[in-house]
Amino acid sequence: MAAFEIRDLSFTYPNENKPALDNITMSIPEGRITLICGASGSGKSTLLRRLKTCLADHGKAEGDVLFFGKALDDIGQAEQARRIGFVFQHPDDQIVTDKVFHELAFGPESLGWDQARMRLAVAEMASYFGLDELFEKNVAELSGGQKQLINLASAAVLRPDVLILDEPTSQLDPIAAADFLGTLRKMSEDLGLTVILTEHRLEEALPMADMLAVLDEGRLIAFGEPKKTVMQVKNSAVFESMPAAVQIFAAVDGEGDAPLTVSDARAFIALRARTSVKGEQPSVETCPETAAELKNCWFRYEKNAPDILRGLSLTLHKGEIFALLGGNGSGKSTTAGLLSGRLKPYRGKVKTNGLRVAALPQDPRELFVKDTVLDELKELNPEEASLSHVTELLELEGVLSRHPFDISGGEQQRLALGKVLLTAPDVLLLDEPTKGMDGEFKRRFGELLSRLKAEGKTIFLVSHDIEFCAQCADCCALLFRGEIVCRSAPRKFFSGNFFYTTAAARLSRGMIENAVLTGEVIECLKQ
Amino acid sequence: MNDAFSQLHPAASFAFFVAVITLTMLYMHPVLLIISLAAAAGYVCILKGARHFGKTLIYLVPFLIFMSVLNALFNHAGVTPLFYLSNGNAVTKEALTFGFYASVMLSAVILWFECFNVVMTSDKLLCLFGRLSPSVSLLLSMALRFVPKFGRKIRSIDAARAQIGQGSAQGGFIRRVKNSMKVLSVTLTWALESSLTAANSMKSRGYGAARRTSFSLYRFTVRDAVTMVLCAFAVGVTAACVVSGGIYARYYPSVIISGFGGIPALGMAAFALLCFLPQLFDAKEALVWRRLRSAI
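Residues numbered from 1 in each chain as written. Chains lettered and ligands numbered in written order. Predicted model: local features only at pLDDT ≥ 70, side-chain atom pairs only at ≥ 80, totals over all residues. Heavy atoms only, no water.

This brings us to the interface of chain B and chain A. The partner chain A presents 57 residues to the 48 residues of chain B that form the contact. Across the chain B to chain A interface the summed buried area is about 4,500 Å²; carbon plus sulfur atoms make up 54%. Contact with chain A buries area across many residues of chain B, yet B:Gln163, B:Arg205 and B:Phe215 alone supply 20% of it, more than any other trio. Run the count over chain B and chain A and you get 10 salt bridges. (Contact = heavy atoms within 4.5 Å. Buried area = accessible area lost by both parts, 1.4 Å probe. Salt bridge = Lys/Arg side-chain N within 4 Å of Asp/Glu carboxyl O.)

Attention now goes to the sheet that holds strand S5 (residues 70-71) of chain A. Residue and element names in this part refer to chain A. In spatial order, the strands read S2-S1-S4-S5; together these 4 strands make up an open sheet with antiparallel pairing. Looking along the sheet, the strands with just one partner apiece sit at the ends: strand S2 (21-29) and S5. Both strand S1 (residues 2-12) and S2 contribute to a ladder of 6 bridges, which runs antiparallel. By the bridge assignment for S2, Ala2 is matched with Pro29. (Pairing = 2+ DSSP bridges. Helix = DSSP H or I, 4+ residues; strand = E, 2+ residues; numbered from the N terminus.)

Our next topic: the sheet that holds strand S17 (residues 458-462) of chain A. All names here are of chain A. Read from one edge of the open sheet, 6 strands run S15-S16-S17-S13-S18-S19, paired in mixed fashion. The open sheet has two edge strands, strand S15 (357-360) and strand S19 (483-488), and neither has a second partner. Adjacent strand axes in the sheet meet at a mean angle of 20°, parallel and antiparallel pairs treated alike. Lying over the sheet, helix H14 (residues 409-421) contacts S15 and strand S16 (427-431), oriented at roughly 165° with respect to S15. Where helix H15 (residues 439-454) meets the sheet, it contacts strand S13 (321-325), S16 and S17, and its direction lies at approximately 145° from that of S17. (Axes fitted to C-alpha atoms, helices over the stretch in contact; angles between N-to-C directions.)

Moving on, we get to the side chain of A:Thr518. Residues and elements named next belong to chain A. The residue Thr518 is located in helix H19 (residues 518-526) in this model. Given the relative accessible area of 16%, Thr518 is considered buried. Those residues in contact with Thr518 that lie beyond four places of it in its chain are Ala244, Gln247, Ile248 and Ala504. (Buried < 20%, exposed > 50% of the residue type's maximum accessible area, 1.4 Å probe, protein only.)

Right, dumping it as structure tokens:
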């Protein structure tokens, strides 16, 4: 039986002409993982929210949603709350109470379960997720990944039939994201739970999905088994977000089922690879002039806390894009903090040679105070010339009269960047700028960085996003335990690494030397 | 700290603190006060370590002296003048005595509250209030989450805006005030945004769909019942002794303090039992451990 039967579902937001969902018909199978993907604004979240009455947006809806054969609207709130679990995007915003155990108990409390039943449900859940250590902790002490795990557990504690997750890993770093998806997959396998998931990070999510639905501007353009469905959407915007394996397969006109995992793709490449070496990357002329420099810096947050940076030295050359990579807690953000002057090292020197350094916050909304995008920009520099320059550079012309909170995530990021640029910085610090962006947004953001570089800005980038750094950085460095262990141009950096490298490099290792970008592998296969 | 008493059910711990603090404040008998002070000091040592108690003494002892002197300087009631101030007012023995015992009482209460703060964590208070009303308990728990979250967000926004020259510590006075207002305004917008998600997350987990209950980590056991009965018994005996006039203290106009007959001794013993209950619990537990270990 289908968990959800969606029939001719259309939905239009108030005061909009274009429907957000256009005549969608699909049947979501029970006990399977269904992955819904689509570019930003394609209606993924809107669709998910129609699957639970209390979350459905206001507007004009047509069509039917059946939950296990029964019209969803005829099912009571309490029953829906119990049977349909929902996990939202932001790990921090959806946590309601102060303690982990209280958060787990929130659902059972709301549904009025008695003590004995609550105790069992909470204990069971905590044991399954291995939360014993965290059980009595304050949620403020948890990492993003742990928080999202708590959110999953507190939805699962009600023993739902269906779990719906709206981009659950978009705010997590890659390792926490993989952990989260692993847990989700285990749950689905162990319990035969129906899972409906939207994601933009498809590299990990796609191989674990049983069904794939692709949305494009509110329409369902493909639905079915992932390895067949991916090839049907070759020409849509979402294809840029697909795993490297799929993109390579499509680009060289592979036939049959697409490989979804690295091992499948390697088998395919082994058959097709003709050239075995991708030429050396032409070394980029770096300007010898130094923009900023950290010399033997030591830093810790409190007197008795452990050192975060241990003798870190780093040189930023003028006009380069420098990417600093590294795991959680390796000191990446701290390094950016030192460069921005927000933090001071207790030993060592920070030199910025009188250049203006400005950082873009991780959450762009932290900079917004006005009612329109134009006013936001005018807040810093009302001069016509620089205003029009920035709007053109950042492609903000179309949204100047909109409210900053109503524009898309990518546009918000560009607006925040615009505000920072209007203060005329020489060095730009970006902390995880691609968090939550899909493939297309990332590409456009990369192009934007090159334009800024062409204007002579120096860009310092802190990121977990290996693919993005490989694509657009001039120089990559790996930070480990407060020290830089490796620093070189991206091609050399990533082709030399074994684990910590791009998907394309992992796919082609041993068969095509020196290829680190998806496009490069494609090029070599086509020759 | 491995204190058996603080592992009791919140209701039992709460009853103990109410009893001990009320009796300490109500009956200003020197012996009772000193018993209470000693017990409180001992319990602070168990909970936070002797070192912490040593630090507490640094402000507690001057406070004790200051209070006694202050009372003697400003309160001139009493029949036994010790000497006269330059304005002709008498400094009396009674006022000095009362001031001393009043400050002993205050010190004891302060120390008891210090214990209270360690033992009655927010979870325990929530569990107690949750019994009265699940909504109050939820409200408190949400407040405990959102207030610090606000603080962190304000600091983060301020740091972000400092990067574009709009931080709350940049520019002249007026500029700073303006910038701070903007930081607050962003925080408010953010709070509204994030509370939408929180509200959805609550609705999604059935908030308002049924009558709420309250989850509790604690179980009420025989031990807790015994503790509460013991407390009630000790309070009863002490109160009876006071009401019957067996334990009596008067400071003005002259100091009269009851002696140590049979009845007062009974009351004092009961009060001591109450005050030293935590130590008795720990002692019992230590004995059991020793016996268990020697059995191995």
